[in-house]
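Understanding the architecture of this molecule
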Amino acid sequence: MALLIGCIADDLTGATDVAVTFSREGLTAIQVNGVPDDTLAVADADVIVVALKSRTIAAAEAVAQSLAALHWLQARGARRLYFKICSTFDSTPAGNIGPVADALCEASGARLNVVTPAYPRNARTVYQGHLFVGEALLSDTGMCTHPLTPMTDSNLVRVLGRQTEHRVALLPHAVMALGESAVRDRLGAQIDQGCRHVIADAIDDAELRTLALAMAPQWLATGGAGLAAGLAAALRGEARAPADAAIEWPRGPGVILAGSCSNATLGQLAALGDSLPRRQLDPVCLARDPGAVAAAIDWAKRHLGDRPVLIYASAPPEQVAAAQAALGRERAAQVIEDALRAIAVALAQAGARRFVVAGGETAGAAVEALGVRALAIGPEIAPGVPWTLAADGKPYALALKSGNFGGPDFFSRAFEVAP
Ligand code: ADP
């Protein structure tokens, strides 16, 4: 049976978010980490989500990886293509949403790219092309000081317009409200007018489903987990029956690694108080002291046990700004990601089996370091954040959290619901 949906996600936690969404909506989903090659055998599924780490790399490299993923998915008969981006549209004027979407359209022959990061369940809505997080415009949230992709403009037609040479149009709420056939007609007219990308308003799940029903299968769909849920609901009748083999979850010491500086993660770390052994990594110290990582590893090994160990670089905007002023934005992020990679590997060797990782880039680094190539989806800790099981024989359970996700008690809840 052909794949119903081939999905390419621009970061790892986003991939997990979309995989759990498809699975919650009744499609079987497998997540593959990194550009797969032909040596990777994956079970049959309705959806395969290829998790890239392409959100903030050079646009040309993001395009190359996305095209490689596209070809792999096409070889598995993918009937629809979904480009999963962050529900806060994380990107810079250089990309990578525009360049990757353009390349995917050209390589797949899609005449239109329908885009909406709306994810009403997580309070992301799009109205008149503007992205809201709860009641606030995106640019009025903590995203305006994100370490890698500061989002200072909420008008997505404008934001995407800076990332592509093709025309970007709006599918406004007034048309969405008229239903599926009006939406289909408008999208068809927008193709005739020479538009390549359409930012679609959506303020609730019903509108996302309408949009999914109105889209032609051969168009590219770009969005967050919200549009994916709409698409899954529209395609549910075509899903294969789920296999129900019992999953064996690894037991063993837990580790929390946090590199997200989002307000949500900072709040979640604060909520832990001193209930767990914790240690903060300072990027300036990491860059200057060659023994800093080994010292953190020694400390963590001594604390591995019944209670999870917490190691974090997460810091409020003024500390991030100071580190970036001292080291540069990329180097600050790099030293932290390198440190967390080394720590993940050392603690796995020391017996850690359950890893909770906060931050999309951070989780990508940790999973790559642990050599986990495929993930099966387990119970959800918070919307969009499930426990996952390494599906390639590695003995790890992983919970990969996008920075902004989860309630204040996320970290303690993770270990309460751990299977
Ligand atoms: P999110 O999911 O919140 O976007 P990410 O892990 O994707 O989180 O991105 C956060 C980035 O910020 C990472 O590259 C991380 O290395 C970097 N970072 C974390 N802590 C600091 C800090 N104290 N100073 C500078 N950069 C930091």
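All of the points below concern the structure found in this document.

Regarding empty space enclosed by the protein
- If you walk through the whole model with that rule in mind, you get three cavities of 30 Å³ or more.
- In this structure, the largest cavity spans a volume of roughly 70 Å³.
- Lining of the largest cavity is provided by 13 residues; of these, D17, K84, C86, S402 and F405 occupy positions nearest its centre.
- For the lining of the largest cavity, the element with the most residues is helix α1 (residues 12–24), which contributes three residues.
- When grouped by side-chain class, the residues that make up the lining of the largest cavity number four nonpolar, five polar and four charged.

Considering helix α8 (residues 225–235)
- Most of α8 sits inside the fold, with 10 of its 11 residues counted as buried.
- Of all the positions in α8, only A225, G226, L227, A228, A229, G230, L231, A232, A233 and L235 are classed as buried.
- Buried-residue contacts for α8 involve β1 (5–9), α1, β4 (80–84), β5 (113–116), α7 (205–214) and β11 (220–223).

Details of the packing of aromatic side chains
- According to the stated counting rule, one finds five aromatic pairs in the structure shown.
- Between F22 and Y82 the ring centres are 6.3 Å apart and the planes differ by 85 degrees, which places this aromatic pair in the edge-to-face class. In this pair, F22 is assigned in helix α1 and Y82 in strand β4, connecting sequence segments 60 residues apart.
- The class for F22 is buried, based on a relative accessible area of 0%.
- For the ring pair F355 and Y396, a centre distance of 5.8 Å and an interplane angle of 90 degrees mean the geometry is edge-to-face. Highlighted residues: F355 in strand β15 (residues 354–358) and Y396 in the loop between β17 (385–390) and β18 (397–401), separated in sequence by 41 residues.
- The ring of W72 has R76 lying over it, and the distance from NZ or CZ to the ring centre is 3.9 Å.
- One Lys or Arg, K401, reaches over the ring of F410 and ends 5.7 Å from the middle of that ring.

Thresholds, definitions, all that
- Residues numbered from 1 in each chain as written.
- Predicted model: local features only at pLDDT ≥ 70, side-chain atom pairs only at ≥ 80, totals over all residues.
- Heavy atoms only, no water.
- 1 Å grid on protein atoms, 1.4 Å probe; cavity = no way out; pocket = protein on both sides within 12 Å on 5 of 7 lines; lining within 4 Å.
- Points joined across faces, edges and corners; volume = space filled by probe spheres on them.
- Helix = DSSP H or I, 4+ residues; strand = E, 2+ residues; numbered from the N terminus.
- Nonpolar A, V, L, I, M, F, W, Y, C, P; charged D, E, K, R; others polar.
- Buried < 20%, exposed > 50% of the residue type's maximum accessible area, 1.4 Å probe, protein only.
- Contact = heavy atoms within 4.5 Å.
- Phe/Tyr/Trp six-rings, centres within 6.5 Å; stacked < 30°, edge-to-face > 60°.
- Lys NZ or Arg CZ within 6 Å of the ring centre and 35° of its normal.

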